[in-house]
Amino acid sequence: IEKEAIPVTLSKWTQKLNEELTDNQINQIFINKVVKIKEMKIAEFNFKILHYILATKSIVSKWDTSVSDTCEICHTKEDILHLIYECNLANRTWKIIEKIFNVPLSKTVVIFGHHSDKKLNYITSFISFTLYKYWLIRNEEKQNRNILDFKQFLKYEVKQKIEVYKLLNDSDILNILQLLSGYTT
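My aim in this report is to walk through the structure given alongside it, one point at a time. (Residues numbered from 1 in each chain as written. Predicted model: local features only at pLDDT ≥ 70, side-chain atom pairs only at ≥ 80, totals over all residues. Heavy atoms only, no water.)

### Structural notes on the pattern of salt bridges
- Taken as a whole and assessed by the stated rule, the structure comprises 11 salt bridges.
- In this structure, Glu39 engages Lys161 in a salt bridge whose closest nitrogen and oxygen atoms are separated by 2.4 Å. Of this pair, Glu39 sits in the loop between helix H2 (23-35) and helix H3 (40-50) while Lys161 is found in helix H9 (residues 147-168), placing the two residues 122 residues apart along the sequence. Each of the two residues, Glu39 as well as Lys161, counts as buried.
- Within the structure, one salt-bridge network assembled from shared partners comprises Lys57, Glu72, Glu78 and Arg145. (Salt bridge = Lys/Arg side-chain N within 4 Å of Asp/Glu carboxyl O. Helix = DSSP H or I, 4+ residues; strand = E, 2+ residues; numbered from the N terminus. Buried < 20%, exposed > 50% of the residue type's maximum accessible area, 1.4 Å probe, protein only.)

Next comes the structure, spelled out in structure tokens:
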């Protein structure tokens, strides 16, 4: 029975994204978004997204009634999809990423990844993780997010990653990050 059942968390995503998934596609999603991601923090982040357990205002507001479930930028309910893709800040970022890499990025590709493009899976995971990390920091500081501040934050994160991947001598990821560094300047 376990082998035949779609995990409850993926059923939330299939409903939200209006996608039907085969068992093979589900396995491939987890392989591409968790197993093949070298950075443990990003792999864990993707795992939390896929299992719909990433903390957002809509989830935290259920535990702490003093927390609003509303995005301070868009003034709509802030769930995972909103924070990572639909928020005005995230959406503007994805539009720029689409231009840099000359590839359309639907919410399905951002959440589930691409079935055969390792580089695209890394970049969508890295940007999603950076959006979330920025959100966490701004919430902790009780400050609102904005695109100019996020751009500076992303610039810093990209510079840090470039240095790491230079040391690791990983030219594939390094090339992706260098393309991104052009956006952040």
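From this point, things continue past the structure.
### As for the side chain of Ser128
- Residue placement: Ser128 occurs in helix H8 (residues 118-140).
- Residue class for Ser128 comes out buried when judged on its relative accessible area of 1%.
- One polar contact links the side chain of Ser128 to the main-chain carbonyl oxygen of Thr124, over a distance of 2.8 Å. (Polar contact = N/O pair within 3.5 Å; in protein donor to acceptor, adjacent residues only side chain to side chain.)

### Quick look at the packing of aromatic side chains
- The tally for this structure, following the rule as stated, stands at 8 aromatic pairs.
- Ring geometry for Phe45 versus Phe129: centroids 5.5 Å apart, planes at 75 degrees, classification edge-to-face. Here Phe129 lies in helix H8 and Phe45 lies in helix H3, a separation of 84 residues in the sequence.
- Taking the relative accessible area as the measure of exposure, Phe45 reaches 4% and is therefore buried. (Phe/Tyr/Trp six-rings, centres within 6.5 Å; stacked < 30°, edge-to-face > 60°.)

### Description of the nonpolar core
- One finds Trp13, Ile84, Trp94, Phe112, Phe126, Ile127 and Leu177 to be the most contacted residues of the largest nonpolar core, which totals 55 residues.
- Considering every element that reaches this core, the biggest residue donor is H8, with 10 residues.
- With residues near it in sequence (within four places) discarded, Phe112 still touches Leu10, Trp13, Leu17, Glu19, Leu21, Ile29, Lys33 and Leu50. (Core = buried A, V, L, I, M, F, W, Y, C linked by side-chain atoms within 4.5 Å. Contact = heavy atoms within 4.5 Å.)

### A closer look at H8
- Taking 1.5 Å as the rise per residue, H8 with 23 residues should run 33 Å; its terminal C-alpha atoms sit 33 Å apart, in good agreement.
- Sitting at the head of H8, Asp117 places a side-chain oxygen 3.2 Å from the backbone nitrogen of Lys119.
- Lys142 sits one or two positions beyond H8 and adopts a positive phi of about 55 degrees. (Expected span 1.5 Å × (residues − 1).)

### Quick look at the packing of H3 against H8
- Between H3 and H8, the least distance of the axes is 10 Å, while the angle of their chain directions is 85 degrees. Taken together, H3 and H8 sit at an angle that is classed as roughly perpendicular. On H8, the residues that touch Lys41, Ile42, Phe45 and Asn46 of H3 are Tyr122, Ser125, Phe126, Ser128, Phe129 and Tyr132.
- Along the lines of polarity and charge, the residues of the contact of H3 with H8 split into 6 nonpolar, 3 polar and 1 charged. (Axes fitted to C-alpha atoms, helices over the stretch in contact; angles between N-to-C directions. Parallel < 35°, antiparallel > 145°, perpendicular 65-115°, else oblique. Nonpolar A, V, L, I, M, F, W, Y, C, P; charged D, E, K, R; others polar.)

### Brief notes about the packing of H2 against H3
- Close contact between H2 and H3 brings their axes to 8 Å; oriented N to C, the two are set at 145 degrees. Contacts between H2 and H3 pair Ile29, Phe30, Lys33 and Val34 from the former with Ala43, Asn46, Phe47 and Leu50 from the latter.
- Residue classes in the contact of H2 with H3 are distributed as 6 nonpolar, 1 polar and 1 charged.

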